[in-house]
Amino acid sequence: MVKLKKIGKSLYELPRENGMKVKGIAFIDEQMAVNSETNEALRQLKNVACLPGVKGFVVAMPDIHYGYGFPIGGVAATDVTDGVISPGGVGYDINCGVRAIKTNLLKKDLANRMQEILIEIFKTVPAGVGLKGSFVLSKKDERKVIENGAVWAVSSGFGDELDISHCENNGRLEGADYADVSDRAKERGKEQLGTLGAGNHFIEICYVSDVFQKDACKAYGLKKGQVLILFHTGSRGFGYQICDDYLKKMRNKRLFELPDPQLSSVYIGDHLGAGYISAMKAAANYAWANRQIITHLIRESFQSLFHTSYRNLGMNVLYDVSHNIARFEQHLVDSKELMVCVHRKGATRAFPEGSPDIPQDYKNVGQPVLIPGDMGRSSYILKGEPDSMLKSFGTTCHGAGRVLSRKKAVKMAQGRSIETELSKKGILVLSKSTRTLKEEMPDAYKNVTQIVDIVEENGLASKVVKLKPLGVIKG
Amino acid sequence: MGSYSFFDHTADIGVELRAENRAGLFYESIRALFFILTGKDVNEIHLERKSLAKRKAKIKYDNLDDALIDFLNHLVFVVDTEHILPCDGFIKIKRHSIRSRVTFLKDNRHLIQREVKAATFHNFKIEKYKNGLKTRITFDI
């Protein structure tokens, strides 16, 4: 078992040992601390602590689970002068993230209409394996997507200026160079813009079941019973290929010995490091454009069903968060302000009130943090809290976190109809693949309430509202 | 004769390949990828000649072990862009490159049940066992 020292309620330290350059901090409870799955993921976190130039401490969020290279739910900050950038610390689905769209509809307005809503969205938003988007990117637009992300999408008629201002980084990372993206990545991304993808990507229609903080609700424009749409997707094949291209190049360079080859990295100042950062930004921009187009398609579905404009339906973007990304941020490390590259893999930014990097609308409250759970229980909207800046590089969890492997989940679901089970709870589900439904069934995930309670106890983020699902589309 | 089997991985899919030699590992990797994508062994599918397409590829390598991951990611790229399924192949290992001639099943997009993002290098190494080679590969899905 990994050596763990309890230092607080749902807070453990992984002391430095065996090549670790910094200690680890794990926001986990006692039950997780003795769980063998969590233990394997913490072993991966220890490997991350061996990366050159890693600063302060590495962090495990309560939804941590075993990944490849980095654990999912892991955070590491590296020094910009003598630290590395690691594509494995971002993952293949660069800027995979979650967006929440508000509506002015109430749960009762959707009574008996959920099936037609799901079918309409399912028809409009390509979901599942191998589906093309509704258009093929021209060379000219390809460059614009790479350089401008959601800004391109909005200027092309897929939304409003307000949508952009409610995205992290305003839906665009500066410095993405077209030349740093391979032809293969461009080819893979050409037909996938505006597609949801498969696996754990989803669109969920949900409603506010519980309100925890009235002031934050006022700032976010949320109230009890209100219907929201939450969806989860990223940079599709475009991002996967960029990660693969640069990992291969970094692996061939073999600059340092690392405990796991998937952690291959180069110094941030290295030519190859600069190339990856530029290409990663391109993928982040692609993902924002993707989520913007999907927003447009969801709005079209609602417009067609409710015979009024999406503006009349109050379909504004609440927020858009990235949970697989590396960004340059100023943090207090060992009592000094330092510019670091924060790798968040399966971890969400949770900047508090007053942060310069959050939208003006939320400046006095803190950023909304979107935490989807599983399709049968609940999701949460949290807000960033000041302690996140001291304890986790301004980060919190990203979801519930898997607890069962896909193989075990399918085995457990044998002889059961997940659709029927959910329908008995009043939740309708549509999916192209019954296998996906089994792999993604609620039992495959930790209870998200347990996860958000831990981040709240530790002052990383606090609960604003709880959401309950009404209808889910799985890719 | 080689084989492929799956091992538990919380978020993704792990596959163990065993073969008499290196080319055999490549061959088994094609069959394993087919299973990951479709949930079926290639022997369960009736392959009609008219539904098959051949693709040749040359993959240069600095490290022969890594070439297996590169080869798999090449197949993942073809699947993602052409929506065809790798089901058989012939692999020749040269001094600095791998030459492959892979047979793909076309016009059977409906068989694809799963999206594969990539084959990863996570804990990847090729090891000797008895008279053959074995390796474990984690696929991000």
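J.: Could you clarify how one ought to interpret the overall build of chain A in this entry?
T.: Along its length, chain A carries 15 helices and 19 strands. Relative to its length of 475 residues, chain A is compact, with a C-alpha radius of gyration of 21 Å against a globular reference of 23 Å. Dimensions of chain A, computed from C-alpha atoms along their principal axes, come out at roughly 60 × 50 × 50 Å. In chain A, which comprises 475 residues, the proportion classed as buried is 66%.

J.: What am I meant to see in the packing of helix H3 (residues 114–124) of chain A against helix H10 (residues 271–306) of chain A here?
T.: To characterise two packed helices, one gives the angle between the axes of the helices and the distance between these axes. All names here are of chain A. Running from amino to carboxyl end, H3 crosses H10 at an angle of 135°, the nearest separation of the two axes being 9 Å. The orientation of H3 with respect to H10, classified from their angle, is oblique. The element H3 and its partner H10 pack so that their crossing is right-handed. For the pair H3 and H10, the contacting residues are Glu116, Ile117, Glu120, Ile121 and Thr124 in the first and Leu297, Ile298, Glu300, Ser301, Phe302, Ser304, Leu305 and Phe306 in the second. Of the residues contributing to the contact of H3 with H10, the split by class is seven nonpolar, three polar and three charged.

J.: Just to check I follow, could you spell out the side chain of Ser378(A) for this structure?
T.: Residue and element names in this part refer to chain A. Relative to the helices and strands, serine 378 is located in the loop between strand S15 (368–371) and strand S16 (379–384). Residue classification places serine 378 among the buried positions, given a relative accessible area of 3%. Look past the residues within four positions of serine 378 in its chain and what remains in contact with it is Gly373, Val448, Thr449, Lys466, Leu467 and Pro469.

J.: In this structure, what is going on with the interface of chain A and chain B? I would like to understand it.
T.: Bring the parts together and some accessible area is lost; that lost area is often taken as the interface size. The interface is formed by 44 residues belonging to chain A together with 33 residues belonging to chain B. Counting the surface lost from both chain A and chain B, the interface buries some 3,400 Å², and carbon and sulfur atoms represent 47% of this. Scanning the region where chain A abuts chain B turns up six salt bridges. As a salt-bridge pair, Lys408(A) and Asp8(B) come within 3.4 Å of each other at their nearest N and O atoms. Counting every contact that joins chain A to chain B gives 25 residue pairs in polar contact (both at pLDDT 80 or more). Mapped by element, the contributors of at least two residues to the side of chain A that touches chain B are helix H2 (36–48), strand S4 (57–68), helix H7 (183–189), helix H9 (236–253), helix H12 (406–412) and helix H14 (434–439) of chain A. For the side of chain A that touches chain B, the element with the highest residue contribution is H9(A), accounting for eight residues. For the side of chain A that touches chain B, the per-class residue count stands at eleven nonpolar, 14 polar and 19 charged.

J.: So what exactly am I meant to see when it comes to helix H15 (residues 448–457) of chain A here?
T.: Residues spaced three or four apart along an α-helix point in a common direction, a consequence of the helix completing one turn every 3.6 residues. Residue and element names in this part refer to chain A. Turning to H15, its buried residues are Val448, Thr449, Ile451, Val452, Ile454 and Val455. On its buried side, H15 packs onto helix H1 (30–33), S4, S15, S16, strand S17 (395–396) and strand S19 (461–474). Following H15 by one or two positions, glycine 459 adopts a phi angle in the positive range, close to 75°.

J.: So what exactly am I meant to see when it comes to H10(A) here?
T.: Residue and element names in this part refer to chain A. With 36 residues, H10 ought to run about 52 Å at 1.5 Å a step, and its terminal C-alpha atoms sit 53 Å apart, in line with that. Of all the 36 residues making up H10, 31 are buried; the element is thus mostly covered by neighbouring parts of the structure. At the exit of H10 stands histidine 307, carrying a positive phi of roughly 55°.

J.: Just to check I follow, could you spell out the sheet that holds strand S3 (residues 52–60) of chain B for this structure?
T.: Strands pair in a sheet through their backbones, by hydrogen bonds, and they do so in one of two ways: parallel or antiparallel. Residue and element names in this part refer to chain B. Pairing in this open sheet of three strands is antiparallel, and the strands run S3-S5-S4 from one edge to the other. Two strands bound the open sheet, and with one partner strand each, they are S3 and strand S4 (85–93). On average, adjacent strands in this sheet sit at an angle of 20° to one another, irrespective of strand direction. The sheet contact formed by S4 and strand S5 (residues 97–105) spans eight bridges and is antiparallel. Residue proline 86 lies in a different strand from S5, and its bridge partner there is phenylalanine 104. On top of the sheet, helix H1 (residues 22–38) reaches S4 and S5; it is set at about 170° to S4, its chief contact. Lying on the sheet, helix H2 (residues 64–82) is in contact with S3, S4 and S5; it crosses S5 at an angle near 35°.

Rules used in this analysis
- Residues numbered from 1 in each chain as written.
- Chains lettered and ligands numbered in written order.
- Predicted model: local features only at pLDDT ≥ 70, side-chain atom pairs only at ≥ 80, totals over all residues.
- Heavy atoms only, no water.
- Helix = DSSP H or I, 4+ residues; strand = E, 2+ residues; numbered from the N terminus.
- Rg over C-alpha atoms; globule rule 2.2 N^0.38 Å.
- Buried < 20%, exposed > 50% of the residue type's maximum accessible area, 1.4 Å probe, protein only.
- Axes fitted to C-alpha atoms, helices over the stretch in contact; angles between N-to-C directions.
- Parallel < 35°, antiparallel > 145°, perpendicular 65-115°, else oblique.
- Left-handed = near helix turned anticlockwise from the far one by under 90°.
- Contact = heavy atoms within 4.5 Å.
- Nonpolar A, V, L, I, M, F, W, Y, C, P; charged D, E, K, R; others polar.
- Buried area = accessible area lost by both parts, 1.4 Å probe.
- Salt bridge = Lys/Arg side-chain N within 4 Å of Asp/Glu carboxyl O.
- Polar contact = N/O pair within 3.5 Å; in protein donor to acceptor, adjacent residues only side chain to side chain.
- Expected span 1.5 Å × (residues − 1).
- Pairing = 2+ DSSP bridges.

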